[in-house]
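The residues making up each chain are set out below.
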Number of protein chains: 2
Amino acid sequence: MMKHIIKTSRILLLVLFTFAYTNSQGQDYASFINPFIGTSNYGACYPGAVSPNGMVSVVPYNVTNNDKNKLSTDTGWLSNPFVSDNHFMTGFTHVNLSGVGCPDLGSIILMPTTGKLEVDKNKYGSTYSDQVAKPGYYSTIIDKYRVKAEVSATTRTGISRYTFPKGQSNILLNLGLGLTNESGAYAKIVSPTEIEGSKLLGTFCYHKDAVFPVYFVVKFSKPAKEKGYFKFQQPLVGPRAKWSSTSGKYKIYRKYYKELAGDNIGTFFTFDTDEDEQIEVKIGVSYVSIENARQNLEVEQDGFNFDKIAKETYSNWNTELSRIKVEGGTKEDKTVFYTALYHILLHPNILQDINGQYPAMESDQIKTITDGNRYTVFSLWDTYRNVHPFLSLVYPEKQRDMVKTMIQMYDESGWLPKWELFGRETYVMEGDPSIPVITDTYLRGIRGFDIEKAYKAMLKSATTEQKYNPLRPDNDFYLSHGYVPFTSNYDNSVSHALEYYIADWNLSKLASVLGDKKNEKRFAKQAKGYKNYFNKEFNLLVPKKEDGSFIEDFDPKMGENFAPSHGFHEGTSWNYSFYVPHDIKGLIKLYGGNKPFVKRLETCFSEDNFDPANEPDIAYPYLFNYIKGQEWRTQKHIHNLRKLYTTKAGGIPGNDDTGTLSAWIVYSMMGIYPVCPGDMDYAITTPTFDKVTISLNSSVYSGKTFTIEKSDSNPENPYIQSISWNKKRWKRFFISHQQITKGGVLKIETSKTHK
Amino acid sequence: MMKHIIKTSRILLLVLFTFAYTNSQGQDYASFINPFIGTSNYGACYPGAVSPNGMVSVVPYNVTNNDKNKLSTDTGWLSNPFVSDNHFMTGFTHVNLSGVGCPDLGSIILMPTTGKLEVDKNKYGSTYSDQVAKPGYYSTIIDKYRVKAEVSATTRTGISRYTFPKGQSNILLNLGLGLTNESGAYAKIVSPTEIEGSKLLGTFCYHKDAVFPVYFVVKFSKPAKEKGYFKFQQPLVGPRAKWSSTSGKYKIYRKYYKELAGDNIGTFFTFDTDEDEQIEVKIGVSYVSIENARQNLEVEQDGFNFDKIAKETYSNWNTELSRIKVEGGTKEDKTVFYTALYHILLHPNILQDINGQYPAMESDQIKTITDGNRYTVFSLWDTYRNVHPFLSLVYPEKQRDMVKTMIQMYDESGWLPKWELFGRETYVMEGDPSIPVITDTYLRGIRGFDIEKAYKAMLKSATTEQKYNPLRPDNDFYLSHGYVPFTSNYDNSVSHALEYYIADWNLSKLASVLGDKKNEKRFAKQAKGYKNYFNKEFNLLVPKKEDGSFIEDFDPKMGENFAPSHGFHEGTSWNYSFYVPHDIKGLIKLYGGNKPFVKRLETCFSEDNFDPANEPDIAYPYLFNYIKGQEWRTQKHIHNLRKLYTTKAGGIPGNDDTGTLSAWIVYSMMGIYPVCPGDMDYAITTPTFDKVTISLNSSVYSGKTFTIEKSDSNPENPYIQSISWNKKRWKRFFISHQQITKGGVLKIETSKTHK
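Quick caveat, the model's predicted, so the values are computed rather than measured.

What follows is about the overall build of chain A. Counting its regular elements, chain A contains 20 helices and 35 strands. Here the C-alpha atoms of chain A give a radius of gyration of 26 Å, agreeing with the 27 Å that 2.2 N^0.38 yields for 755 residues. When the backbone C-alpha atoms are referred to their principal axes, chain A occupies close to 75 × 60 × 50 Å. Per-residue burial over chain A gives 68% buried out of 755 residues. Just so you have it, chain A exposes about 24900 Å², and 48% of that area is on carbon and sulfur atoms. In chain A, which carries 88 positive and 82 negative side-chain charges, the distance between the mean positions of the two groups comes to 3 Å.

If you want it as structure tokens, here you go:
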């Protein structure tokens, strides 16, 4: 079925993309993007319309629990508003997360229907057909009503255009339906063309204090003939249940237009429409106030002009994507590459309103940003590994604002973020990931933020005792003994510690740069604590108890398929045992030297101990680059792993994790990979394309472009024969950030066999 | 148990009433009031603090479904926030209805607790003891927490004073709990001393469009140490139910202070208190906006001064009650009398805010009243019979504003009210009761409203075809055939028609006064249509079909105890068969003349066919006055029925119906009764008191006082020997409104036996 949908969409793409944009260089990068990639196989991406780093996305919502839907949050693990495996839609959401592992947002849902008003999602929902999706545009035919729905978005607003048949047409705003674990909304029908309201979101991954409101204003291009609310009524008991006609049912409020609040509410606006009459609905969103949502809407959408918005957003995507130009490769290669680049640019999102206001971190305060953007949605345990290094290289102005945001969060809440979501720390996953992000950014030469303050913030989380330390909840024993002890079944002790080590290594590097010798030394030493976990018997990292002994009954396979695992978070010991990117040399020693290390590392791939979708091990294939003569293994594995990324809905091997897997494939297809944040070396492998040109931001980097060329288009020649840098022989299988940002050409000669 | 509570409260009354007010005449009328009267036996009154016609009342809420409570809306018929039969309280409500037949309002509930925060009503609720209640004041000890709770109220605000023990003290605002069939609230913690919000109320008697919001602002005398929300979480299903720790439970939001909306929400404010520390909480209410609620609070309560508010409200009650001074009788007589007078003065309520704004009838508009009060809560099917005639006599300035309000409602909605509740027509019960209310008021000489407009409004409902007529839904056949036909089992056809007859008779009277001869004649004729229903076989009114035949299998007892009844609403044929107060002569003829009529009417009393709590028959005892020589029967029955009204919690024989039963006993104890609205004659019977003095409003009436004297204090002398008016022999057993409002003394000589 998925195949069919994509196929259909492709055909329509050719027909309907009348306003396809071509940028000044004549390149229509956006045309390669297939937003359906990552919408199955738990990729958790969405096909809806969104602007680069946009606050708003307009996404078909097809995850209502219904017999036509294979997946729903009521029946299984699901974290996104749309999956290609499903077939029954109940509207279009306006705030969404892409590629995350827990359900949230997926709210403010508009749905066009026709005929007699029906407000129960399972009754008004419909199958859909003829989907079209491209940057900033999505459309489909809603089968049950023969309504064509088209959606687009600006940064802070969405717009929908519904083409109705003749008769009674209805537009529902459902505030009860959605992905978020939170509930409760407030709405007010302002006029026959306007609704305002708010909805509570959050409790992401069941972190109960991480809740936040979203505000919205909805405007219709045509005044409603009738309007009102609906609300699911709590079941009454006793005599009231007998007397009430709406107990445990939806009640429709046809004569009440003042504000309505409740767990499961919505509004209906009904219209008399002619055949093919189009009604446009635009929604402005804010995380500050209804007033700001209205201002965002007024400024970003003057009047109703769907085509103009869709065209501008498409154009904006082309501008963003034009930073990297690829040549050669197949059309599928380009689709995979640019779609991954597109996915990288969805999160973090712009948080501030058009007037600069944003909700301060862990605070009731509203603050105003005067320079650049304030970002939100920092899934840092994921993104510190490659997304932020990537942004530093290609979009350093974005990365600067993200680091500024992180330091503002410290100012506002007293702590740097770990997994921030709309001003709330969710504490999802572990470690102290702001340290490598900020250190890496600084070491790459990006300035414009207060590194001294950031350093102070880092020292705070690194040294504060655990009782007062939300970021390092097991800091006391770690500081005194150098590791986090296993204390209860299924704890994540080793995972915690491994994250602390890389954070501490970064902290040491930053201390060095800032001239703090004492801390340079202290944290460099601390970063080597990973050795505590090495168990010679198993030849792997093994959880260790407070008394220094390893746990009994250790099972290296424990934790496969997201099963709980002693010491390791969402993975096996295998997925973590080579995750010491800051001290590969030390790690090699632990494993007994180069040869045993290579053998052990290869076992990951040969014995299915490698998970291409689990972040701690995604750089494993690049580790062979650290052993002279073994680099071909990196090339081989990357060549093979490339095939996991396709143009199909399941074309991302797992959770995209707000762009982390996408960054992995983008880098890997370019032929370079930042194995260790804070380490300026990129590992080199065979690029997919004949030529990749990155336009460098001249305000940050001295070079104009960095180009990677491949001698040979033949994909059957995956091995590197030789490397040159600016036409000179290059012997290392690494190249530093400082080198490439001065500009130049990295040329790779390939061959069918390795040396 | 009830006895115990009242007894306890009495004892404490003597001790605690340190600020007992004595008015200028040295009379402390308010001291006679026992607000517990009517809090059992379905009286549906409440013991809480309230100002005369106040928008706000602060009432202990003890009707949560709990094994310590005998009655709850979950387990039976209940319409009020407090019943003396129950023992488990869960807070104090701030908007309430008194003496109504369906549950509504009973919302905005404050509850003091101590120790660990608990937000589930059944867990934090408690028994209570040492209740004290008097006008404008209620207090109790909340057993579980040893907290003394005292409450008082101004017109638009409530105030609570809690005396806490040492330790953690909590004040909960529960917006999920309440009597109303509606749900859904919005709250925002503004600061550590303030909350604002709104809540949806309505769906009174399951009339689903009759919904309206109430707005509130809460202020605390002490800043909270901790604060936050709670909300009952909808049960999740599937994997989310497993992962969530709060699914189907209350969740406490300790770090979130922005707005929260939901079906079942509340706030908590916690404090560190010393032993006997007092915290005051005041709440301002508005039916217009949060801003108005805040202004109401600021104007009516400057700072925190519980004692001042309680004293002023008590004093205001004394001023109101001083319109009628009674002498003689027992203390119990005075308690029954003044408590009934107090109950009459609870509804209708003042609706406009301190700035004059109010929600217009059946409209989104906010209007402003510049002169007098805008009232709400018009239970007109009940109150047109005696409450409004009573107000016209004793509080004509209130009655004038009520009629002005009713005409404003016509201006705003196109129709006069039937059962209006906070700007919403609920269409509860039947008939066209605004017609007798306004006509009666006008005929009593009250001016200051637009009678021409009112007449136009009356003609509209009387003549508009039923399709467009919400007040007379069966007008078509009624207009063409003179009666409402029985069309389906358990319809209320005869009840509908009987109400139309008295309305039409009033309309005829008004037409006469306004010189509209044609309509005078038309409606006078129409008012006699009751004869259609008289069935000689049964000697009663019997439902009649469209073809003119009576229904088969007629059962005169059908409808007892609120069982459904063919043709009669909440009653039997007996309860309605003498309800033609505007044409008693015609009715007597139907029954075959004076003797058969008396015999038949006596059967009501001798064979238990009289319901002292069902409005259509409450004037039956006075009908004997219409037959010369039979007036003693009125005196006998009133003497006996007087005993149904006691100082006990069950001391009202049924639903007070917003003061209708109270008006019955107040009139009856004074010795006069307005048998028929629109008829200016009061039937005379033996008064309870030796002397009753009504101070007449000199701006409306020429007389200064109207006094009723009884020659003999002996309650065993219930019969009237003779009557004099201003010292002249008075032969009639009626006296007109025009006579008594010129001032004078009606003196009644009594005897043990009747003539």
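Let us keep going from here.
Once chain B has been moved 0.1 Å along the axis and rotated by 180°, it coincides with chain A to within an RMSD of 0.1 Å. The relationship between the two copies is best expressed as a two-fold rotation axis. Relative to the rotation axis, the closest C-alpha in chain B is found at Gly262(B), a distance of 1.9 Å. Interface overlap between copies: 100% of the residues of chain B at the interface are likewise at the interface in chain A, consistent with a symmetric, same-surface contact.

Let's shift gears to the pattern of salt bridges. All names here are of chain A. Scanning the model with the defined rule gives 66 salt bridges over all chains in all. Residues Asp504 and Arg472 are paired through a salt bridge, measuring 2.9 Å at the closest nitrogen-oxygen approach. Taken together, the residues Asp504 in helix H13 (residues 493-513) and Arg472 in the loop between helix H11 (451-463) and helix H12 (475-481) connect sequence positions 32 residues apart. Taking the relative accessible area as the measure of exposure, Arg472 reaches 0% and is therefore buried. Taken together, the shared-partner salt bridges in this structure form one network comprising Glu194, Glu196, Lys219, Arg294 and Glu298.

In this section: the domain arrangement of chain A. All names here are of chain A. The domain architecture assigned to chain A consists of domain 1 (2-319), domain 2 (325-350 + 605-755) and domain 3 (353-452). Placing a centre on the C-alpha atoms of domain 1 and another on those of domain 2 gives a separation of 36 Å. Taken together, the contact pairs 40 residues of domain 1 with 27 residues of domain 2. Taken as a group, Phe32, Ile37 and Asn53 account for 28% of the area that domain 1 buries against domain 2, more than any other trio of residues on that side. Along the contact surface separating domain 1 from domain 2 lie zero salt bridges. For the pair domain 1 and domain 2, the number of links is 19 residue pairs in polar contact (both at pLDDT 80 or more). Top contributing element to the side of domain 1 that touches domain 2 by residue count: helix H1 (residues 2-16), with four residues.

Moving on: the sheet that holds strand E15 (residues 260-262) of chain A. All names here are of chain A. Strand order in the open sheet formed by nine strands is E5-E6-E7-E8-E17-E12-E11-E10-E15, with antiparallel pairing between adjacent strands. A single partner strand is all that each edge strand has here, and the edge strands are strand E5 (128-134) and E15. Taking each pair of neighbouring strands and ignoring which way they run, the sheet shows an average axis angle of 15°. Looking at chain direction, strand E10 (residues 185-191) and E15 are connected through three bridges and run antiparallel. Each bridged residue has a counterpart across the sheet, and for Ala185 the counterpart in E15 is Gly262. The strands touched by helix H4 (residues 290-300) within the sheet are strand E8 (157-164), E10, strand E11 (194-202), strand E12 (211-220) and strand E17 (277-286), with E12 carrying the most contacts at an inclination of about 45°. Its contacts with the sheet place helix H5 (residues 306-321) against E5, strand E6 (137-142), strand E7 (147-153), E8 and E17, and it is angled at close to 50° to E7.

Residue and element names in this part refer to chain A. Relative to the elements of secondary structure, Glu194 occurs in strand E11. For Glu194, a relative accessible area of 11% translates into the label buried. Between the C-alpha atom of Glu194 and that of Val281, which follows or precedes it by 87 residues, the distance is 9.5 Å. Discounting chain neighbours no more than four positions away, the residues touching Glu194 are Lys188, Ile189, Val217, Val218, Lys219, Phe220, Phe269 and Arg294. At a separation of 2.7 Å, a polar atom in the side chain of Glu194 contacts the side chain of Arg294.

Residue and element names in this part refer to chain A. The terminal C-alpha atoms of helix H6 (residues 331-344), which comprises 14 residues, lie 20 Å apart, in line with the 20 Å expected from a rise of 1.5 Å per residue. A large share of H6 lies buried, amounting to twelve of its 14 residues. Listing the buried residues of H6 in full gives Asp333, Lys334, Thr335, Val336, Phe337, Tyr338, Thr339, Ala340, Leu341, Tyr342, His343 and Ile344. On its buried face, H6 sits against strand E1 (49-50), H5, strand E18 (324-327), helix H8 (387-394) and helix H19 (660-670).

This paragraph deals with the state of the cysteines. Inspection of the entire model under this criterion finds two disulfides over all chains. Two residues, Cys102(A) and Cys205(A), share a disulfide whose sulfurs are 1.9 Å apart. Note on the Cys102(A) and Cys205(A) pair: the S-S dihedral is about 110°, so by sign convention the disulfide is right-handed. Here Cys205(A) lies in the loop between E11 and E12 and Cys102(A) lies in the loop between strand E3 (92-93) and strand E4 (109-114), a separation of 103 residues in the sequence. Assigned by exposure class, Cys102(A) and Cys205(A) land together as buried. Free of any disulfide, Cys45(B) has its nearest neighbouring cysteine sulfur in Cys102(B), separated by 15 Å.

Analysis parameters
Residues numbered from 1 in each chain as written. Chains lettered and ligands numbered in written order. Predicted model: local features only at pLDDT ≥ 70, side-chain atom pairs only at ≥ 80, totals over all residues. Heavy atoms only, no water. Helix = DSSP H or I, 4+ residues; strand = E, 2+ residues; numbered from the N terminus. Rg over C-alpha atoms; globule rule 2.2 N^0.38 Å. Buried < 20%, exposed > 50% of the residue type's maximum accessible area, 1.4 Å probe, protein only. Areas by Shrake-Rupley, 256 points an atom, 1.4 Å probe, with all protein chains shown as cover. Lys, Arg positive; Asp, Glu negative; His and termini not counted. Charge placed at Lys NZ, Arg CZ, Asp CG, Glu CD. Least-squares fit on C-alpha atoms with pLDDT ≥ 70 in both. Contact = heavy atoms within 4.5 Å. Salt bridge = Lys/Arg side-chain N within 4 Å of Asp/Glu carboxyl O. Domains from an automatic or database assignment. Buried area = accessible area lost by both parts, 1.4 Å probe. Polar contact = N/O pair within 3.5 Å; in protein donor to acceptor, adjacent residues only side chain to side chain. Pairing = 2+ DSSP bridges. Axes fitted to C-alpha atoms, helices over the stretch in contact; angles between N-to-C directions. Expected span 1.5 Å × (residues − 1). Disulfide = S-S within 2.5 Å.

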